[in-house]
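# Remarks on the overall topology
Here are the chains, one letter per residue:
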Amino acid sequence: MPARLLCLTLGAALVACGAAPPPRSRAARPAYTLVVHGGAGTAPDAGDPRRLAYAAALREALEEGCAALDGGAASVDVVERIVRRLEDDPLFNAGRGAVMTRDGHHELDASIMRGSDHACGAVAAVRTVRNPIALARAVMDHSPHVLLVGEGAEAFARERGLPEVDNAFFTTDARREAWRGARPDDSPRGTVGAVALDRDGHLAAATSTGGLAGKRAGRVGDSPIVGAGTYADDATCAVSCTGTGEEFIRHGVARAISARMELAGEGVADAARHLVHRTLRPGDGGVIAVSRDGEVAMERSTPAMIRGVCRPGAPPEVFIDDAPEPR
Ligand code: ASP
């Protein structure tokens, strides 16, 4: 099939003209692919039990997600399930274990997107919803809206019968100590995200976070902003971001990766590299992405990003800095 020529014009001036690579044949692309992240930042040293715990948590999440994809589950169901699992794990800054706001509360943000029809749902600054990603999915499936915030989002959760908890449910000793300034928080920032390609060639992405530690009440980052922290389009890729949300919003990072593929014909790895290393500033964070062909990008400009990938026929691989983490 001849390459589709796609040109991006700015006024009369032609600024970029690329050939979008033709999709890989069904036989050439992996049957399914799952990529998961657990936040960017710094990480405990090799041998630190917390590092082993992060790697084990991600490996188990990948195993569960790939087993579901292997059995024919839809990518949108798998990314929701895996993000929900990580929200329930107090190690991560999402759901239980989320960081605290300046005034000592938790405000949670999440979003989900399906690449086949651009359906998406998001919630921001929710305080009492046990699994924000499940509420984001409900916004997508059961409301005409894309983003609900605060008390309105919580009222919708109640209407949908989603589990409610006291805000203190999300607090762990480690987060409380870090908030009190009793000890520096040297863990990765701990946002969680998942992107998947399923057996039917459909893409999906999901992201969930407690946001930045010590944020003002009401501050919302990129994670619940479709196009900034999360994006999926079956024609290009699925993306989940982690890092300094303000920067990811400013540059519409997740959507920009997709747009570079669509309009400039870049592969997902080049597009992700461009956004992380040329558009964003050093240390801003990282992204995970999977293309419609099952090509994977895991790019960061921080010392560490907890991340991993699984595909058919191979055990999941988990990384925190450069080399794969030992099993
Ligand atoms: N991106 C998230 C936010 O700004 C935080 C993170 O990924 O660490 O809310």
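Here, every reference points to the structure presented above.
I will try to describe carefully the structure that is included in this document.

Definitions and cut-offs
- Residues numbered from 1 in each chain as written.
- Predicted model: local features only at pLDDT ≥ 70, side-chain atom pairs only at ≥ 80, totals over all residues.
- Heavy atoms only, no water.
- Helix = DSSP H or I, 4+ residues; strand = E, 2+ residues; numbered from the N terminus.
- Buried < 20%, exposed > 50% of the residue type's maximum accessible area, 1.4 Å probe, protein only.
- Contact = heavy atoms within 4.5 Å.
- Areas by Shrake-Rupley, 256 points an atom, 1.4 Å probe, with all protein chains shown as cover.
- Axes fitted to C-alpha atoms, helices over the stretch in contact; angles between N-to-C directions.
- Parallel < 35°, antiparallel > 145°, perpendicular 65-115°, else oblique.
- Nonpolar A, V, L, I, M, F, W, Y, C, P; charged D, E, K, R; others polar.
- Near = heavy atom within 4 Å.
- Polar contact = N/O pair within 3.5 Å; in protein donor to acceptor, adjacent residues only side chain to side chain.
- Pairing = 2+ DSSP bridges.
- Salt bridge = Lys/Arg side-chain N within 4 Å of Asp/Glu carboxyl O.
- Phe/Tyr/Trp six-rings, centres within 6.5 Å; stacked < 30°, edge-to-face > 60°.

### As for the overall build of the chain
Across its full length, the chain holds eight helices and 14 strands. A total of 327 residues make up the chain; the buried ones form 55% of that total. Taking all contacts inside the chain whose residues are at least 6 apart in sequence as the whole, residues at least 24 apart take part in 66%. If you sum the accessible surface of the chain, you get close to 13200 Å²; carbon and sulfur atoms cover 52% of it.

### Description of the packing of helix 3 (residues 132-142) against helix 4 (residues 150-159)
Where helix 3 meets helix 4, the axes come as close as 10 Å, and the angle between the chain directions of the two elements is 75°. As the angle between them shows, helix 3 and helix 4 are arranged roughly perpendicular. Across the interface between the two elements, Leu135, Ala138, Val139 and His142 from helix 3 touch Ala153, Phe156 and Ala157 from helix 4. Broken down by class, the residue content of the contact of helix 3 with helix 4 amounts to six nonpolar, one polar and no charged.

### Let's talk about the packing of helix 2 (residues 75-87) against helix 3
As a packed pair, helix 2 and helix 3 sit with axes 8 Å apart at the nearest point and diverge in direction by 150°. Here helix 2 lies roughly antiparallel to helix 3, going by the angle between them. Listed contacts from helix 3 to Val76, Asp77, Glu80, Val83, Arg84 and Glu87 of helix 2 are Pro132, Ile133, Ala134, Arg137 and Met140.

### Digging into the site of the ligand
Close contacts around the ligand come from Arg189, Thr191, Thr209, Gly211, Leu212, Arg219, Gly221, Asp222, Ser223, Thr242, Gly243 and Gly245, and that covers them all. Arg219 has a polar side-chain atom sitting 2.7 Å from an oxygen atom of the ligand. Interatomic distance of 2.7 Å between a side-chain N/O atom of Thr242 and an oxygen atom of the ligand. Calculation on the ligand without its partners gives an accessible area of 270 Å², and the protein chains cover 100% of this total. Residue composition of the shell around the ligand, grouped by class: one nonpolar, eight polar and three charged.

### Description of the environment of Ile288
Relative to the helices and strands, Ile288 resides in strand 11 (residues 285-291). Accessibility expressed as a relative area gives 0% for Ile288, which makes it buried. For the pair Ile288 and Glu299, spaced eleven residues apart in sequence, the C-alpha to C-alpha distance is 6.6 Å.

### Some remarks on the sheet that holds strand 11
Pairing in this open sheet of four strands is antiparallel, and the strands run 9-10-11-12 from one edge to the other. Of all the strands in the sheet, the pair left with one neighbour each is strand 9 (230-232) and strand 12 (296-300). In this sheet, adjacent strand axes meet at a mean angle of 10° when their direction is disregarded. The sheet strands contacting helix 7 (residues 253-264) are strand 9, strand 10 (237-243) and strand 11, and the helix crosses strand 10 at an angle near 145°. Packing against the sheet, helix 8 (residues 268-279) makes contact with strand 10, strand 11 and strand 12, and its axis sits at approximately 15° to strand 12.

### Let's talk about the pattern of salt bridges
Applying the stated criterion across every chain yields a total of 25 salt bridges. With a shortest N-O distance of 2.6 Å, Arg85 and Glu64 are connected by a salt bridge. Placement of the pair is Arg85 in helix 2 and Glu64 in helix 1 (residues 49-70), with a sequence separation of 21 residues. Its salt-bridge partner being Arg158, residue Glu164 comes within 3.0 Å of it at the nearest N-O pair. Taking relative accessible area as the criterion, Glu164 reaches 42% and is therefore assigned partly exposed. Salt bridges linked by common partners bring Asp77, Glu80, Arg84, Arg137 and Asp141 together as one network.

### Quick look at the packing of aromatic side chains
One pass over the structure, following the stated rule, counts two aromatic pairs. Between Tyr54 and Phe92, the aromatic rings sit 5.6 Å apart at their centres with planes inclined by 65°, giving edge-to-face as the arrangement. Placement of Tyr54 in helix 1 and of Phe92 in the loop between helix 2 and strand 4 (108-114) is noted, with a sequence separation of 38 residues between them. The burial state of Tyr54 is the same as that of Phe92; both residues are buried. Arranged with centres 5.3 Å apart and planes meeting at 80°, the rings of Phe169 and Phe170 form a pair that is edge-to-face. Taking relative accessible area as the criterion, Phe170 reaches 0% and is therefore assigned buried.

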